[in-house]
Amino acid sequence: MKILSSIIKPTHKPITPFQWRVYAALLLIPRGSVTTYGLLARYLGCGSAQAVGQALRRNPFAPDVPCHRVITSNLCIGGFSGQREGEQIAKKLTLLTAEGVEFHNSALKDPRQIFHFPT
DNA sequence: TCTGTGACCGCTG
DNA sequence: ACAGCGGCCACAG
């Protein structure tokens with residue numbers, strides 16, 4: 001499995017401890033699976049999915065850190081690269097499709113592809 | 001310090 | 001089914 005420290009390069013902006021935890025958790029998600037902001041927040045012991053969104057929005061490591069594998073709790077596509085709609089979302093869709101995660105009208109087709117973090 | 005903002009969530013009517 | 005609304009918490013300025 002990938003190690004976060006091996007992804008970070010000197011050219012990257014420094015990240016906060018919270019961001020570190022978020023990105024490290026992302027690396028646990030296998031290809032072909034996705035998670036939600038809420039699940040991720042709960043796994044991190046942080047009550048706010050919105051805070052997780054903040055961290056992902058500022059992800060300096062895309063696409064090495066698979067931030068595209070995070071969708072909203074209602075199983076919709078969510079945002080990408082700071083955008084909630086538009087070309088960037090299409091890109092996110094493409095990435096997920098390439099991994100075998102299919103959407104229908106911007107909603108996850110198969111809920112079984114949701115990754116549950118270890119307790 | 002303090003404040004506004006956000007790739008969100010879930011309860012309520 | 002669905003829109004509204006308060007809560008959440010990290011972070012930049």
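Details of the structure are given in the entry above.
Residues numbered from 1 in each chain as written. Chains lettered and ligands numbered in written order. Predicted model: local features only at pLDDT ≥ 70, side-chain atom pairs only at ≥ 80, totals over all residues. Heavy atoms only, no water.

Engineer: Which parts of the structure should I look at to understand the state of the cysteines?
Structural biologist: By definition, a disulfide links two cysteine residues through a covalent bond between their sulfur atoms. Counted under the stated rule, the structure contains zero disulfides. Cys46 forms no disulfide, and the closest cysteine sulfur to it belongs to Cys67, at a distance of 17 Å. Residue class for Cys67 comes out buried when judged on its relative accessible area of 9%. (Disulfide = S-S within 2.5 Å. Buried < 20%, exposed > 50% of the residue type's maximum accessible area, 1.4 Å probe, protein only.)

Engineer: Looking at this model, I keep getting lost on helix H5 (residues 87-98). Mind explaining?
Structural biologist: Residues three or four positions apart in an α-helix share a direction because the helix packs 3.6 residues into each turn. Taking 1.5 Å of rise per residue, 12 residues should cover 16 Å, and H5 covers 17 Å from first to last C-alpha, within 8% of that figure. Burial in H5 covers these residues: Ile89, Lys92 and Leu96. Looking straight down H5, one finds that the buried residues subtend no more than 55° of arc, so they occupy a single side. Away from its buried face, by an angle of more than 90 degrees, H5 presents the exposed residues Glu87, Thr94 and Ala98. Buried residues along H5 sit in contact with helix H3 (37-43), strand E2 (70-71) and strand E3 (103-104). (Helix = DSSP H or I, 4+ residues; strand = E, 2+ residues; numbered from the N terminus. Expected span 1.5 Å × (residues − 1). Arc of directions from axis to C-beta. Contact = heavy atoms within 4.5 Å.)

Engineer: What exactly am I supposed to notice about helix H4 (residues 49-57) here?
Structural biologist: Restricting attention to buried positions, one finds in H4 the residues Val52, Ala55 and Leu56. One side of H4 holds all its buried residues, which, seen down the axis, span an arc of 95°. Among the exposed residues of H4, those oriented more than 90 degrees off its buried face are Gln50 and Arg57. Where H4 is buried, its residues contact helix H2 (17-26), H3 and E2. For H4, the side-chain oxygen to backbone nitrogen distance between the N-cap and Gln50 is 3.3 Å, and the N-cap itself is Ser48. (Polar contact = N/O pair within 3.5 Å; in protein donor to acceptor, adjacent residues only side chain to side chain.)

Engineer: I would appreciate a short explanation of the protein's contact with DNA strand C in the present structure.
Structural biologist: Taken together, Thr16, Phe18, Gly47, Ser48, Gln50, Ala51 and Arg58 are the residues near DNA strand C. Near the protein, meaning within 4 Å, the atoms of DNA strand C are sugar or phosphate in a fraction of 78%, with bases accounting for the rest. Here a base oxygen of DNA strand C sits 3.3 Å away from a polar atom, N or O, in the side chain of Gln50. Classifying every residue of the surface near DNA strand C gives two nonpolar, four polar and one charged. (Near = heavy atom within 4 Å. Nonpolar A, V, L, I, M, F, W, Y, C, P; charged D, E, K, R; others polar.)

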